[in-house]
Amino acid sequence: MGRMPVFRWVVVLGLLLVTVSFGVWWATPGFPELKQVDLTVLREEPDGTCEVRWSDPFASGTREGSYLCDPERDPVLKAPAYRPGTDLGWDTGFVVAEGPDRGDLYSLEQDDGSRATVVSDVLVTAGVLLTLVGAMGGTVRSATRTSGVRAGVLHRTERGVLRRAERLREAAEQVSGDHERAVRAVRDAWEPLHREAVRERLGRMPAVPSRWAAGLRRLPAGAWERSGLRSVRDVLDAGAWGVAHSAQVGRRTAEKVWNAARRTADEVDADTAVRLDPDPLDPGTAALLNALRVLVEAGPEARDAAREGARLAGELDRLLAEAAPAAGRRQLLDAAPEVRRRAPEAVAELRGLLDAAGRARTAERFAQASVDLLRGADGGPAALAARVGFASRPAAYYGLLAELVGSAPPAPAAPPVSGRPWGRARVTSVPGGPGVSAGGRTTGSTAGGPGP
């Protein structure tokens, strides 16, 4: 569980108060232009409240008003000492020299702007104090939290271990991804060829009443011959409604016919082979040979490197997550106590794993495997190299293809359905040479070869 950053929020509150203080100060109007005048005190209270008269310097005549005189001024300036025989005294003050209030007395104690300035001063003082308390408290708490942690965790050598582990993880993920893309390229090139071979076999497979189950023998005489549905592929393409319309049969009978054709298509799909015939070399076969050539030339070393890379990347991800606090003081402070205690152990495990990988030259093997898996560029030279390679090592190509498509999900012509088949097609291998079926079995001559 993470810690509550109390002092961090104290610093944030202090900075917020300082910001508000500057806002109040900025919004406070400035002092107006003033002019000093002599004041004749007409009446004065002990607290300094008095009535005064002054000559308006901006208009003719005199004015009277309330004012807060200085009660601490010299007694000779107060009545009756100022003018014996009268109740008059003397003081000095200021009048506004600009704006609509020009000529009015100005009292600093009665100014709203001065009160706003006081508020701004209080806010900035409180904000500065809170900021200092938060900064000092956070420093003390950080020192307390890190005092029990081994100092070496934050050494440059420990961070170097993390950087080396990250580079090794990137290389492991790279080789695993490169091999996965190479395998996917083979399967992507194989699927359209296999799908076309299935459709070709279904087109040659006749759909005749002699192969139907006993429950489907109630068709009208000559109805099937007039329907135009000559092959299993015709039945599948027409669909249940098309069968009902073409053969002039009921909906249930048409569905039974079509479902039986679907089950037959599933059987053919699982046993149809793709023949690699480089002469003549059509674009689909060329793409498949090119994809196979990448893995055949890379050899089993690339396959082993990819498997080791996938395993090593997972282990490095776990250890790097546990050792994350060792990346720097900021990460160390943000981590929970149990995570900080685990960090030195994770760094030690990473160091041991890296040492073992260095002795086995694991990074170099990953790099070489990635280079080998990226040599399958499209184009004429690659197609020619794939054709020559297949001609010299057909067993390696067929063995690799059998292993790859055997682990890949089959691409059926239609989804399977339950029910009793209305006729089982006789499955034959593709004439003219060996091939690889969807289930990974080889037809014709069989041969092994290196894995992916």
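Above this note sits the structure.
Treat the numbers as computed from the prediction; the structure is a model and nothing was measured. (Residues numbered from 1 in each chain as written. Predicted model: local features only at pLDDT ≥ 70, side-chain atom pairs only at ≥ 80, totals over all residues. Heavy atoms only, no water.)

Right, let's get into the overall build of the protein. Counting its secondary structure elements, the protein contains 12 helices and eight strands. Residues counted as buried form 38% of the 452 residues belonging to the protein. Pairs at least 24 apart in sequence give 73% of the contacts found in the protein among residues at least 6 apart. For the protein, the exposed surface amounts to about 25,100 Å²; the carbon and sulfur share of it is 56%. (Helix = DSSP H or I, 4+ residues; strand = E, 2+ residues; numbered from the N terminus. Buried < 20%, exposed > 50% of the residue type's maximum accessible area, 1.4 Å probe, protein only. Contact = heavy atoms within 4.5 Å. Areas by Shrake-Rupley, 256 points an atom, 1.4 Å probe, with all protein chains shown as cover.)

Below, the discussion takes up the state of the cysteines. Counting across every chain of the model gives one disulfide. Bridging cysteine 50 to cysteine 69, the disulfide has an S-S length of 2.0 Å. Residues cysteine 50 and cysteine 69 are joined by a disulfide whose S-S torsion is about 80°; by sign, that bridge is right-handed. Separated by 19 residues along the polypeptide, cysteine 50 in strand β2 (residues 49-55) and cysteine 69 in the loop between β3 (62-68) and β4 (89-96) bring together distant segments of the chain. Owing to a relative accessible area of 3%, cysteine 50 belongs among the buried residues under this scheme. Given the relative accessible area of 3%, cysteine 69 is considered buried. (Disulfide = S-S within 2.5 Å.)

Inspection of the secondary structure puts threonine 272 in the loop between α6 (251-271) and β6 (273-274). On the basis of relative accessible area, threonine 272 is assigned to the buried category, the value being 0%. For threonine 272, the side chain forms a polar contact with the side chain of arginine 201, separated by 3.2 Å. In this structure the side chain of threonine 272 is engaged in a polar contact, spanning 2.5 Å, whose partner is the backbone oxygen of valine 268. (Polar contact = N/O pair within 3.5 Å; in protein donor to acceptor, adjacent residues only side chain to side chain.)

Let's shift gears to the pairing of strand β1 (residues 34-44). Of the pairings in the sheet, the one linking β1 to β4 comprises eight bridges and is antiparallel in character. Across the sheet, the residue bridging to glutamine 36 is phenylalanine 94, located in β4. Looking at chain direction, β1 and β2 are connected through four bridges and run antiparallel. Across the sheet, the residue bridging to glutamate 44 is cysteine 50, located in β2. Hairpin connection of β1 to β2: four residues between the antiparallel strands, including glycine 48 at a positive phi of 100°. (Pairing = 2+ DSSP bridges.)

With an omega dihedral of 0°, the bond running from alanine 79 to proline 80 counts as a cis peptide bond. The topology assignment puts proline 80 in the loop between β3 and β4. Here arginine 361, not a glycine, exhibits a phi torsion of approximately 55°, which is positive. Turning to its location among the elements, arginine 361 is positioned in the loop between α9 (337-359) and α10 (362-373).

For the rest of this paragraph, the subject is the packing of helix α7 (residues 283-322) against α10. Between α7 and α10, the shortest axis-to-axis distance is 9 Å and the interhelical angle comes to 135°. When the axis of α7 is compared with that of α10, the two are oblique. Considering only the axes of α7 and α10, their crossing is left-handed. Residues Val294, Leu295, Ala298, Ala302, Ala305, Glu308, Gly309 and Leu312 of α7 pack against Thr362, Arg365, Phe366, Ala369, Asp372 and Leu373 of α10. (Axes fitted to C-alpha atoms, helices over the stretch in contact; angles between N-to-C directions. Parallel < 35°, antiparallel > 145°, perpendicular 65-115°, else oblique. Left-handed = near helix turned anticlockwise from the far one by under 90°.)

One open sheet accounts for five strands, arranged β3-β2-β1-β4-β5; its pairing is antiparallel. Only two strands of the sheet have a single neighbouring strand rather than two, namely β3 and β5 (105-106). Of the strand pairs in this sheet, β2 and β3 are connected by seven bridges, and their pairing is antiparallel. Paired with serine 55 across the bridge in β3 is threonine 62.

This paragraph deals with α7. The end-to-end C-alpha distance of α7, which contains 40 residues, comes to just 50 Å, noticeably less than the 58 Å that a straight helix rising 1.5 Å per residue would cover. When the local axis directions of α7 are compared, the greatest deviation, roughly 95°, occurs at glycine 299, which is followed within four positions by the proline proline 300. (Expected span 1.5 Å × (residues − 1). Bend = angle between axes of the 7 residues up to and from the residue.)

So, about the pattern of salt bridges. For the coordinates displayed, the defined rule picks out 15 salt bridges. We note a salt bridge from arginine 365 to glutamate 308, for which the minimum N-O separation is 2.7 Å. One end of the pair, arginine 365, is in helix α10; the other, glutamate 308, is in helix α7, and 57 residues separate them in sequence. A salt bridge links arginine 311 to glutamate 315; the nearest nitrogen and oxygen atoms lie 3.3 Å apart. Highlighted residues: arginine 311 and glutamate 315, both in helix α7, separated by four residues, approximately one helical turn. Take arginine 311: its relative accessible area is 48%, and that puts it in the partly exposed class. (Salt bridge = Lys/Arg side-chain N within 4 Å of Asp/Glu carboxyl O.)

A separate point is the nonpolar core. Among the nonpolar cores identified, the biggest contains 48 residues, and Leu288 and Leu350 are the most heavily contacted of them. For this core, the elements supplying multiple residues, two or more each, are α3 (156-204), α7, α9, α10, α11 (380-392) and α12 (394-407). In terms of residue count, α7 provides more of this core than any other element does, 15 residues in total. Dropping the residues within four chain positions of it, leucine 288 is found in contact with Val186, Ala189, Trp190, Leu193, Val274, Leu276 and Leu401. Judged by nonpolar contacts, the second largest core, of 17 residues, contains Leu202, Met205, Val243 and Val249. (Core = buried A, V, L, I, M, F, W, Y, C linked by side-chain atoms within 4.5 Å.)

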